[in-house]
Amino acid sequence: MVFSNTTTLAGVIQAFERFTDSGYTYVSGDTTRLKEATNLANQKSSEIWHIIHEATGNWKYDDSNNTDLPFATTDIVNAQQRYALPADALTVQRVEMKDSSGEWFRLTAITSENIPGAIDEFNDVAGTPNFYSLINGVITIYPSANYASTDGLKVYYDREAVAFETSDTTK
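Rules behind the numbers
Residues numbered from 1 in each chain as written. Predicted model: local features only at pLDDT ≥ 70, side-chain atom pairs only at ≥ 80, totals over all residues. Heavy atoms only, no water. Salt bridge = Lys/Arg side-chain N within 4 Å of Asp/Glu carboxyl O. Helix = DSSP H or I, 4+ residues; strand = E, 2+ residues; numbered from the N terminus. Buried < 20%, exposed > 50% of the residue type's maximum accessible area, 1.4 Å probe, protein only. Phe/Tyr/Trp six-rings, centres within 6.5 Å; stacked < 30°, edge-to-face > 60°. Lys NZ or Arg CZ within 6 Å of the ring centre and 35° of its normal. Core = buried A, V, L, I, M, F, W, Y, C linked by side-chain atoms within 4.5 Å. Contact = heavy atoms within 4.5 Å. Pairing = 2+ DSSP bridges. Axes fitted to C-alpha atoms, helices over the stretch in contact; angles between N-to-C directions. Polar contact = N/O pair within 3.5 Å; in protein donor to acceptor, adjacent residues only side chain to side chain.

Draft legend 1. Here's a closer look at the pattern of salt bridges. This structure, assessed with the given rule, holds 3 salt bridges. One salt bridge in this structure joins Lys-44 and Glu-47, with 3.3 Å as the shortest N-O distance. A residue pair is termed a helical-turn pair when its members lie 3 or 4 positions apart in one helix, as Lys-44 and Glu-47 do in helix 2 (residues 31-56) at 3 residues. For Glu-47, a relative accessible area of 39% translates into the label partly exposed.

Draft legend 2. Here's a closer look at the packing of aromatic side chains. Scanning all chains against the criterion turns up 2 aromatic pairs. Aromatic pair Phe-122 and Phe-131: ring centres 5.7 Å apart, planes at 50°, arrangement tilted. A connected cluster of aromatic rings, assembled from ring pairs, spans Phe-122, Phe-131 and Tyr-142. Positioned over the ring face of Phe-19 is Arg-18, at 5.4 Å from the centre of the ring. The ring of Trp-104 carries Lys-154 above its face, with NZ or CZ at 4.8 Å from the centroid.

Draft legend 3. Inspection of the nonpolar core at higher detail. Core analysis: the largest hydrophobic core is formed by 16 residues, its most contacted members being Ile-76, Val-95, Met-97, Tyr-132, Ile-139, Ile-141 and Val-155. If we ignore the near neighbours within four places in the chain, the residues touching Ile-139 are Gln-81, Arg-82, Tyr-83, Leu-85, Val-95, Tyr-132, Ser-133, Leu-134 and Val-155. Judged by nonpolar contacts, the second largest core, of 7 residues, contains Phe-3, Ile-13, Val-27 and Leu-34.

Draft legend 4. A look at the side chain of Thr-140. Along the chain, the position of Thr-140 falls in strand 7 (residues 138-142). Residues in contact with Thr-140, not counting those within four places in the same chain, are Gln-81, Arg-82, Phe-131, Tyr-132 and Ser-133.

Draft legend 5. Local environment of unusual backbone geometry. Omega for the bond connecting Tyr-142 with Pro-143 falls within 30 degrees of zero, at -15°, which places this linkage in the cis form. Within the secondary structure, Pro-143 is located in the loop between strand 7 and strand 8 (149-158). Of note, the phi angle at Leu-9 is positive, near 60°, even though the residue is not glycine. Mapped onto the fold, Leu-9 is located in the segment before helix 1 (12-19). Phi is positive for Asp-151, close to 50°, though the residue is something other than glycine. The residue Asp-151 is located in strand 8 in this model.

Draft legend 6. Geometry of the sheet that holds strand 1 (residues 71-76). Pairing is antiparallel across the open sheet formed by 4 strands, whose spatial order is 1-8-3-4. Edge positions in the open sheet fall to strand 1 and strand 4 (104-106), since each of these has one partner strand only. Adjacent strand axes in the sheet meet at a mean angle of 30°, parallel and antiparallel pairs treated alike. Inspection of the sheet shows strand 3 (residues 91-98) paired to strand 8 by 6 bridges, in the antiparallel sense. Of the residues in strand 8, the one forming a bridge with Arg-94 is Tyr-156.

Draft legend 7. Region of the structure containing the environment of Asp-75. On the secondary structure map, Asp-75 appears in strand 1. Taking C-alpha positions, Asp-75 is 5.3 Å from Gly-152, a pair spaced 77 residues apart along the chain. Setting aside residues up to four positions removed in sequence, Asp-75 forms contacts with Tyr-83, Ser-149, Thr-150, Asp-151 and Gly-152. In terms of polar contacts, Asp-75 uses its side chain to reach the backbone amide nitrogen of Asp-151, at 2.7 Å.

Spatial relationships are all this shows, so hold off on functional conclusions.
In structure tokens form, the structure reads like this:
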């Protein structure tokens, strides 16, 4: 179902108009009401996503309105330990890296509670990373890599649904 289609009356907005018995232009024909309905639809979509995610914990959802897949890559910089997460990442499912010969491998998640000793001294000599932690939108790898690699760090993540715009007719 598309968001709004005043020709076929097969959109979300038209369903709202039909179910509320308000008439087929009550929302779609009024700019202010359309903005309010769009905002409400986006809020409810976000709430539904969160309910499903909390209920299953590992539900893999991605909105078909996205034009890419829910993973991102970035360059590995020699001796750099911290990398920013994609802005739209809600939860991280997996982190992978290329080793110095270009082969992909999976990093193991570790929390600060599981790091023995001082965090700043944990795997503090550059080498091949084995672990990662997540804090405030940042991935920290342990140890930092002693090599560089183009698009050598890959993050698989969940993201929210793409928000509707009042002008959407195909989304």
